[in-house]
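The chain contents come next:
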Amino acid sequence: MSAAPLEGRGVAFRGPLVLVGPSGAGKTTIAARLVERHPGRFALSVSATTREPRAGEEDGRDYRFVSRRDFDEMARAGGLAEWAEVHGERYGTPAANLVPALEGGPVPVLDIDVQGARQVMKRAAAALVIFILPPGPDEWIARLAGRGTESPREIARRLRTALRELAEARSFHRFVVNADLERAVDEVLTLVEGAGGERGGGPGFASLRRALERGARFEIERLELADEAASAGQGA
Ligand code: ADP
Ligand code: 5GP
């Protein structure tokens, strides 16, 4: 299907649209809703990964689950537009995912980490990178735990990565706080159309970032203490 070009940003926006932000901010949910609302205009970019599928995940829909050897071969052969190691596993965007948009197809929506986003920004000048933030520490931790897909130890690991991602947030183009999902999707669409949007580093953003960092540090400590107590209990 051919997509109507998105106006704004001077010329028709061909993407890619890149969503970054700490684990649990809602990148996957926002990307899915965006495509659901505008299926002809946007398409999810399905990444390749070496990590194991989680319960309910499907190969080819959620990720292309590949061996480390196949992943490295794809990268070596130039089949990945970007790739990075995240939480000890490799993740990458197949270069083929970016091609349909160049031929008038839907804009690819990439849900990737900050290292990958930097690579995309270097290679695709037209890329729009939006940093997604959860609305506050309590809501964020509740969402991460509520997703129910990771163990407490894995959540602590993701929070440590999140602290590094938050520290780099300022270097990205635009920010959307994901409190209400539909509003967050509306804000992403507004940014795509080229109107408005807060550029990095505003005062509201700085205090939200500090609150999220404090919340993450507190939660990491709590999870580590609980883990130590559980290990001591097992040893007794
Ligand atoms: P990410 O892809 O950034 O790691 P997810 O999209 O998996 O985050 O979202 C983390 C959890 O938060 C999921 O369980 C999701 O359903 C929930 N969630 C996402 N956005 C919202 C929102 N606006 N309001 C409430 N819950 C949300
Ligand atoms: P998850 O294991 O929760 O699905 O994803 C872990 C992290 O990997 C998330 O931060 C996600 O954005 C990132 N990620 C997913 N796909 C890609 C990709 O193709 N490239 C890069 N660089 N990161 C990715």
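Let me sum up the structure you'll find in this document. Being a predicted model, the structure only gives us computed values, none of them experimental. (Residues numbered from 1 in each chain as written. Chains lettered and ligands numbered in written order. Predicted model: local features only at pLDDT ≥ 70, side-chain atom pairs only at ≥ 80, totals over all residues. Heavy atoms only, no water.)

Here the focus is the overall build of the protein. A tally of helices and strands in the protein yields eight helices and nine strands. Within the span of the protein, comprising 236 residues, buried residues form 44% of the whole. Counted over contacts in the protein with a minimum sequence separation of 6, partners at least 24 positions apart contribute 71%. (Helix = DSSP H or I, 4+ residues; strand = E, 2+ residues; numbered from the N terminus. Buried < 20%, exposed > 50% of the residue type's maximum accessible area, 1.4 Å probe, protein only. Contact = heavy atoms within 4.5 Å.)

Considering the arrangement of structural elements, one finds Val 35 in helix α1 (residues 27-37). For Val 35, a relative accessible area of 17% gives the class buried. C-alpha of Val 35 to C-alpha of Pro 106: the two residues are 71 residues apart in sequence and 9.6 Å apart in space. The contacts of Val 35, once residues within four sequence positions are left out, are Phe 42, Ala 43, Leu 44 and Val 109.

The next point concerns the nonpolar core. By size, the foremost hydrophobic cluster in this structure holds 29 residues, and its most contacted members are Val 18, Phe 131, Leu 133, Trp 140 and Leu 159. For this core, the elements supplying multiple residues, two or more each, are β1 (17-20), α4 (114-123), β8 (128-133), α5 (137-146), α6 (152-168) and α8 (203-235). If sequence neighbours within four positions are ignored, Phe 131 has contacts with Val 20, Gly 21, Pro 22, Val 114, Glu 165, Leu 166, Ala 169, Phe 172, Arg 174, Phe 175 and Val 176. Grouped together as the second largest cluster of nonpolar side chains are 21 residues, Leu 17, Leu 19, Ile 30 and Val 185 included. (Core = buried A, V, L, I, M, F, W, Y, C linked by side-chain atoms within 4.5 Å.)

Turning next to the sheet that holds β1. Pairing is parallel in the open sheet, where five strands are placed in the order β2-β7-β1-β8-β9. Unpaired on one side and paired on the other, β2 (42-44) and β9 (174-177) mark the two borders of the sheet. Pairwise comparison of adjacent strand axes, ignoring direction, gives a mean angle of 30 degrees for this sheet. Looking at chain direction, β8 and β9 are connected through four bridges and run parallel. Bridge assignment links Leu 133 to a residue of β9, and that residue is Val 177. Contacts from helix α7 (residues 181-192) reach β1, β2, β8 and β9, with the element oriented near 165 degrees to β9. (Pairing = 2+ DSSP bridges. Axes fitted to C-alpha atoms, helices over the stretch in contact; angles between N-to-C directions.)

For the rest of this paragraph, the subject is the site of ligand 2. Around ligand 2, 17 residues are found, and the nearest of them are Ser 47, Arg 51, Tyr 63, Tyr 91 and Asp 113. Measuring from an oxygen atom of ligand 2, one finds a side-chain N or O atom of Arg 158 at 2.9 Å. Alone, ligand 2 offers 510 Å² of accessible surface; in the complex the protein occludes 94% of this. Contributions of two or more residues to the shell around ligand 2 are made by β5 (80-86) and β6 (89-94). (Near = heavy atom within 4 Å. Polar contact = N/O pair within 3.5 Å; in protein donor to acceptor, adjacent residues only side chain to side chain. Areas by Shrake-Rupley, 256 points an atom, 1.4 Å probe, with all protein chains shown as cover.)

Under the criterion given, the structure shown has 20 salt bridges. Salt-bridge contacts for Glu 182 lead to Arg 37; the nearest nitrogen and oxygen are separated by 2.9 Å. Residue Glu 182 is located in helix α7, and its partner Arg 37 is located in helix α1; the two are separated by 145 residues in the primary sequence. Classification of Glu 182 as partly exposed rests on a relative accessible area of 30%. Of the charged contacts in the structure, one is a salt bridge between Glu 139 and Arg 143, with a shortest N-O distance of 3.0 Å. Of the two residues, Glu 139 and Arg 143 are both situated in helix α5; the distance of four residues between them amounts to about one turn of the helix. Accessibility expressed as a relative area gives 39% for Glu 139, which makes it partly exposed. Overall, the relative accessible area of 23% leaves Arg 143 in the partly exposed class. (Salt bridge = Lys/Arg side-chain N within 4 Å of Asp/Glu carboxyl O.)

Right, let's talk about the packing of aromatic side chains for a bit. Inspection of every chain in the model, using the stated rule, returns six aromatic pairs. In textbook terms, an aromatic cluster arises when at least three aromatic residues are bridged by ring pairs, as seen for Phe 131, Phe 172, Phe 175 and Phe 205. (Phe/Tyr/Trp six-rings, centres within 6.5 Å; stacked < 30°, edge-to-face > 60°.)

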